[in-house]
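# Inside the fold
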Amino acid sequence: MEKKIYLDHAATTSTRPSVVDAMLPYFTEEFGNPSSIYEFAQNAKQAIDESRQIIADAIHAEAAEVFFVSGGTEADNWAISSVVENYAKKGNHIITTKMEHHAVLHTCEYLEKKGCEVTYLDVDADGLISLDDLEKAIKENTVLITIMFANNEIGTIQPIKEIGAIAKKHKVLFHTDAVQAFTHVPIDVSDMNIDLMSMSGHKIYGPKGVGALYIRKGVRMKAFIHGGAQERRRRGGTENVPAIVGFGKAVEEAMALMKSEVVREVELRDYFIKKVLETVPYVKLNGHPIKRLPNNVNLSFEFIEGESLLIMLDMKNVCASSGSACTSGSLDPSHVLLAIGLPHEIAHGSLRITLGEKTSREELDYVADALVTIVKRLRDMSPVYEDYMQKKIESVIETQYKN
């Protein structure tokens, strides 16, 4: 296939033309600083307020509970660090999981060096936490539970409402990184007892460099960036008006399309999974088969290296990944795949496919057929695979001889 097939929407999406159109006036005609008091500048402020309301409505929150940031990483850092600082009198214990995004894990590791205590919960083979383990981990000095809504690599969706209920029962704040889940699955922060939630624009056909942190009213949070009265004195610095407008437009369109997109993506996702599992031997689906993001496919191919697989797919004009884009330069196996119990040698052979609004069945057929050819070629060059097959043949012959 000559055209580029993009199947890495969990890493980033394109920016919709309609979103770009909504942003453009705020680079040129409506360039006023929203902190200025004259009418021209207030047009920019009004645009920010409208985007804030759109995002609040999408998660059943109040506009005053939505704060704009540079993206999911900043939102995670702000949520976790500020809770630890502001609730220090209660304690310094955080509960998270072993398969969080590195924006959460590295923040927790940093806080551990500052004297915090962090409990890293195990997950099962599908990537789900145990609610019993979570409740048992809560102590008198626990101030925060931070567990991602849906995993960015294997797509598993956690029991967020139940986690929120446990947190509320024990009067512990609950933060969730919802960067991958936002506008892909329904979210009601009140019904789910979520106190803080991270979101990002570039995963939903919005611009890069903008996101939001939901902070439930009553949660004590100090300024994360100092230097101005923006974002109700919580985050100093002139607002990125075009990006915020684009984020709001992207959310508005994503919410309007969510129901139909979920149905379409689940059908395509399951079709692709079934085809690959039926045509390629020694392959495993990672993540929960049902409780997973509508557009996520994560597969492990035995006896091959994921990096070689990605390079050969790229040669066929297919863009995919082996895990989080934030760690694509690392040679280490995915911490998520290790957390669900995969051995290093199998975790190294992983492939993440994430569908988008333009993904077609024809494209997925092309990729599935390409995988048959590529995997066979890589295994034919693998001494590990050759040794495995030789032992398998010897085992069959020995069994037949005994019979």
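Here's what I pulled together on the structure shown here.

Calculation notes
- Here the residue numbering is sequential within each chain, running from 1 through the sequence in written order.
- In keeping with the model being predicted, local features are shown solely for residues with a pLDDT of at least 70 and side-chain atom pairs are shown and tallied solely at 80 or more, while totals for entire chains, interfaces and linings include all residues.
- Side-chain measures were taken over the full set of non-hydrogen atoms in the model, leaving aside hydrogen atoms and water.
- Being paired, for any two strands, means DSSP has found at least two bridges between them.
- Going along the chain from the N terminus, every DSSP run of H or I of four or more residues is numbered as a helix, and every run of E of two or more is numbered as a strand.
- The axes used here are C-alpha line fits, helices contributing only the stretch in contact, and every angle between their N-to-C directions lies in the interval 0 to 180 degrees.
- By the convention used here, residues are in contact when the closest approach between their heavy atoms is within 4.5 Å.
- To estimate how far a helix should extend, the number of its residues minus one is multiplied by 1.5 Å.
- Side-chain rings of Phe, Tyr and Trp (the six-membered ring for Trp) are treated as a pair once their centres are within 6.5 Å; stacked means planes under 30 degrees apart, edge-to-face means over 60, and tilted covers the remaining angles.
- Buried means the residue's accessible area, taken with a 1.4 Å probe over protein chains only, is under 20% of the maximum for its type, while exposed means over 50%, and partly exposed covers the values in between.
- By definition, being over a ring means that NZ of Lys or CZ of Arg is both within 6 Å of the ring centre and within 35 degrees of the ring normal.
- Take the far helix as the reference: if the near one is turned anticlockwise from it by less than a right angle, the crossing is left-handed, and if turned clockwise, right-handed.
- Gly falls in the polar group here, along with every residue not listed as nonpolar (Ala, Val, Leu, Ile, Met, Phe, Trp, Tyr, Cys, Pro) or charged (Asp, Glu, Lys, Arg).

## As for the sheet that holds strand 5 (residues 142-146)
Taken together, the seven strands give an open sheet; going across it, the order is 2-8-7-6-5-3-4, and neighbouring strands pair in mixed fashion. Two strands in the sheet have a free side with no partner beyond their single neighbour: strand 2 (66-69) and strand 4 (117-121). Going from strand to strand, the sheet's axes swing by 20 degrees on average, the running direction of each strand aside. Sheet topology places strand 6 (residues 173-177) next to strand 7 (residues 196-200); three bridges connect them, and they run parallel. Across the sheet, the residue bridging to His175 is Leu196, located in strand 7. Strands strand 3 (93-97), strand 4, strand 5 and strand 6 of the sheet are contacted by helix 4 (residues 102-113), whose axis makes an angle of about 145 degrees with strand 4. Relative to the sheet, helix 6 (residues 160-169) contacts strand 5 and strand 6, its axis offset from that of strand 6 by approximately 155 degrees.

## Quick word on the sheet that holds strand 12 (residues 350-354)
The strand order 9-10-12 describes an open sheet built from three strands, whose pairing is antiparallel. Each edge of the sheet is formed by a strand with only one pairing partner; in this case those strands are strand 9 (283-285) and strand 12. Strand-to-strand twist in this sheet, taken as the mean axis angle between neighbours without regard to direction, amounts to 25 degrees. The sheet contact formed by strand 9 and strand 10 (residues 296-301) spans three bridges and is antiparallel. Paired with Leu285 across the strands is Leu299, a residue of strand 10.

## Observations concerning helix 2 (residues 39-58)
With 20 residues, helix 2 extends 29 Å between its outermost C-alpha atoms, agreeing within 8% with the 28 Å of an ideal straight helix rising 1.5 Å per residue. Where helix 2 is buried, its residues meet strand 2, strand 7, helix 7 (230-233) and helix 8 (241-279). Remark: His60 follows helix 2 within two positions and exhibits a positive phi of approximately 60 degrees.

## Observations concerning the packing of aromatic side chains
Going through the model one piece at a time under the given rule, you end up with ten aromatic pairs. Each ring, one from Phe31 and one from Phe40, has its centre 5.0 Å from the other, and the planes form 70 degrees; the classification is edge-to-face. By relative accessible area, Phe31 is classed as exposed at 56%. Since its relative accessible area comes to 32%, Phe40 is described here as partly exposed. Seen in terms of ring centroids, Tyr282 and Phe303 are 5.6 Å apart; in terms of plane orientation they differ by 85 degrees. Their pairing is edge-to-face. One end of the pair, Tyr282, is in the loop between helix 8 and strand 9; the other, Phe303, is in the loop between strand 10 and helix 9 (306-315), with 21 residues separating them in the sequence. Taking the relative accessible area as the measure of exposure, Tyr282 reaches 21% and is therefore partly exposed. Classification of Phe303 by relative accessible area gives buried; the value is 15%. The rings of Tyr282, Phe303, Tyr385 and Tyr388 are connected pair by pair, giving a single aromatic cluster. The positively charged end of Arg220 is found above the aromatic ring belonging to Tyr87, 4.1 Å away from the centroid.

## A word on the environment of Tyr271
Residue placement: Tyr271 occurs in helix 8. Between the C-alpha atom of Tyr271 and that of Asp365, which follows or precedes it by 94 residues, the distance is 9.4 Å. Other than its neighbours up to four places away in sequence, Tyr271 contacts Arg361 and Asp365.

## Topic: the environment of Val118
Mapping Val118 onto the fold places it in strand 4. Here Val118 is in contact with His93, Ile94, Thr96, Cys108 and Glu112, once residues within four sequence places are set aside.

## A closer look at the packing of helix 2 against helix 8
Relative orientation and spacing of two packed helices are given, respectively, by the angle between their axes and the distance between those axes. Where helix 2 meets helix 8, the axes come as close as 9 Å, and the angle between the chain directions of the two elements is 35 degrees. The chirality of how helix 2 crosses helix 8 is left-handed. The segment helix 2 lies against helix 8, with Ala44, Ala47, Ile48, Ser51, Ile54, Ile55 and Ala58 engaging Val241, Ile244, Val245, Phe247, Gly248, Val251, Glu252 and Met255. Per-class residue counts for the contact of helix 2 with helix 8 are twelve nonpolar, two polar and one charged.

## Overview of the pairing of strand 3
Summarising burial for strand 3: five of the five residues are buried, a large majority. The pairing of strand 3 with strand 4 spans five bridges and is classified as parallel. Across the sheet, residue Ile95 finds its bridge partner in strand 4, namely Thr119. Of the strand pairs in this sheet, strand 3 and strand 5 are connected by three bridges, and their pairing is parallel. The residue of strand 5 that forms the bridge with Ile95 is Ile145.

## Section: the environment of Lys113
Along the chain, Lys113 turns up in helix 4. Accessibility expressed as a relative area gives 75% for Lys113, which makes it exposed. Separated by 48 residues in sequence, Lys113 and Glu65 place their C-alpha atoms 31 Å apart.

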